[in-house]
Amino acid sequence: MPDHKHPLLEVFGFPVDNFSERAEKFREFRLCPYNNKVANCTKDKANNPLGVCSMRDTSGVAIICPVRFRQEWLVAINAASFFFPPGTKWTTLTEVRLNDKHGRTAGNIDVVLVSYDDRGRILDFGALEIQSVYISGNIRRAYESYIDNPNQMYDMNWVGKPNYPRADYLSSSRKRLVPQLIYKGKILNEWNKKIAVALHSGFFQTLPALQDVSPENAEMAWLIYDLEFDNNSNAYNLICTNTVYTAFQASLDHIVTPDPGPVDEFIEILQGKLDEKFDKLETTLSDLNNTIETEF
């Protein structure tokens, strides 16, 4: 069970107990303070957005919206310092489609950072992928209960509710991060272009330990972030707490290669399921025999 009453941490950019004029305005108009493509939050549904930026989880704080990483464009600044030499002119292009040589899409790159000369011609580029966390359970019910009456529901007790939401790190890595590295990452690596992956520290800690290399020899940079609470503003600020530099293929191999446990443990699981199946079969046959004897 969670050690807090409910899962909501930030809604429309502010802690659920922030009732400043600015926080109230962002909640009223469903605004996003983190450089979304439009002024409003568009998470889940544009006309009825799920305005939860981050949540409380048993392992700590989980950032569940990729746009949350765009605060002050710190993530782009950190990626640019990996991609380009100091003093380089650069800008960002978002949601850029990437195709293979057959014209088949490998997906969209979250953010492409391009460097350019005085005439606006591209000199180089790097790819930034932003990885928020999937949720298991239902967080929308908690959000809707809160947003209908924030002043009364900011300290609501959601413990014991069906489908209590939790951060699903396994799905986040297997269904999102790994496929992106396999398809988009391999194309970019073949082009000798650097890749940066932004994620929060709780997510990074669930990945296998990666072999780091020196920044100058790195093909990838893992930009690791946390949310730091500011008492004066009653708000959280995104901070980069660590950067891990790695080779591309070695990291991919390490993430996608499982660490197998003893086969005996799996055989025990199989034995348990087999015993259960036989027990059910014997019970069914016994009930059938009793029915036959009763009828005759």
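Definitions and limits used
- Residues numbered from 1 in each chain as written.
- Predicted model: local features only at pLDDT ≥ 70, side-chain atom pairs only at ≥ 80, totals over all residues.
- Heavy atoms only, no water.
- Buried < 20%, exposed > 50% of the residue type's maximum accessible area, 1.4 Å probe, protein only.
- Helix = DSSP H or I, 4+ residues; strand = E, 2+ residues; numbered from the N terminus.
- Arc of directions from axis to C-beta.
- Contact = heavy atoms within 4.5 Å.
- Disulfide = S-S within 2.5 Å.
- Pairing = 2+ DSSP bridges.
- Axes fitted to C-alpha atoms, helices over the stretch in contact; angles between N-to-C directions.
- Parallel < 35°, antiparallel > 145°, perpendicular 65-115°, else oblique.
- Left-handed = near helix turned anticlockwise from the far one by under 90°.
- Nonpolar A, V, L, I, M, F, W, Y, C, P; charged D, E, K, R; others polar.

A.B. asks: Break down helix 3 (residues 140-147) for me, with residues and values.
C.D. replies: By the burial criterion, the buried members of helix 3 are Arg 140, Ala 142, Tyr 143, Tyr 146 and Ile 147. Projected onto a plane normal to the axis of helix 3, the buried residues spread over an arc of 160° and lie on a single side. Turning to helix 3, the residues buried within the fold contact strand 1 (8-11), helix 1 (21-28), strand 3 (52-57) and helix 4 (150-153).

A.B. asks: Please set out the state of the cysteines residue by residue, giving values where relevant.
C.D. replies: Scanning the model with the defined rule gives zero disulfides in all. For the unlinked cysteine Cys 41, the closest cysteine sulfur is that of Cys 65, found at 6.1 Å. No disulfide involves Cys 240; its sulfur sits 19 Å from that of Cys 65, the nearest cysteine. Residue classification places Cys 240 among the partly exposed positions, given a relative accessible area of 30%.

A.B. asks: Mind laying out the pairing of strand 11 (residues 220-230), listing which residues take part and the relevant values?
C.D. replies: Relative to strand 11, strand 10 (residues 195-200) is paired through six bridges, and the arrangement is parallel. Within the sheet, the bridge partner assigned to Ala 198 lies in strand 11 and is Leu 223. Here strand 11 pairs with strand 12 (residues 235-246) via eleven bridges, running antiparallel. Within strand 12, the position partnered with Ala 221 by the bridge is Tyr 245. The hairpin formed by strand 11 and strand 12 contains four residues between the paired strands, and Asn 234 there has a positive phi angle of roughly 50°.

A.B. asks: I'd like to hear about the packing of helix 5 (residues 169-190) against helix 7 (residues 248-256), residue by residue, with values.
C.D. replies: Interaxial distance between helix 5 and helix 7 falls to 11 Å at its minimum, and their mutual angle equals 165°. When the interaxial angle is binned, helix 5 and helix 7 end up roughly antiparallel. Where helix 5 crosses over helix 7, the handedness of that crossing is left-handed. For the pair helix 5 and helix 7, contact is made by Val 178, Leu 181, Ile 182, Gly 185, Lys 186 and Asn 189 and by Phe 248, Gln 249, Leu 252, Ile 255 and Val 256, respectively. Partitioned by chemical class, the residues of the contact of helix 5 with helix 7 number seven nonpolar, three polar and one charged.

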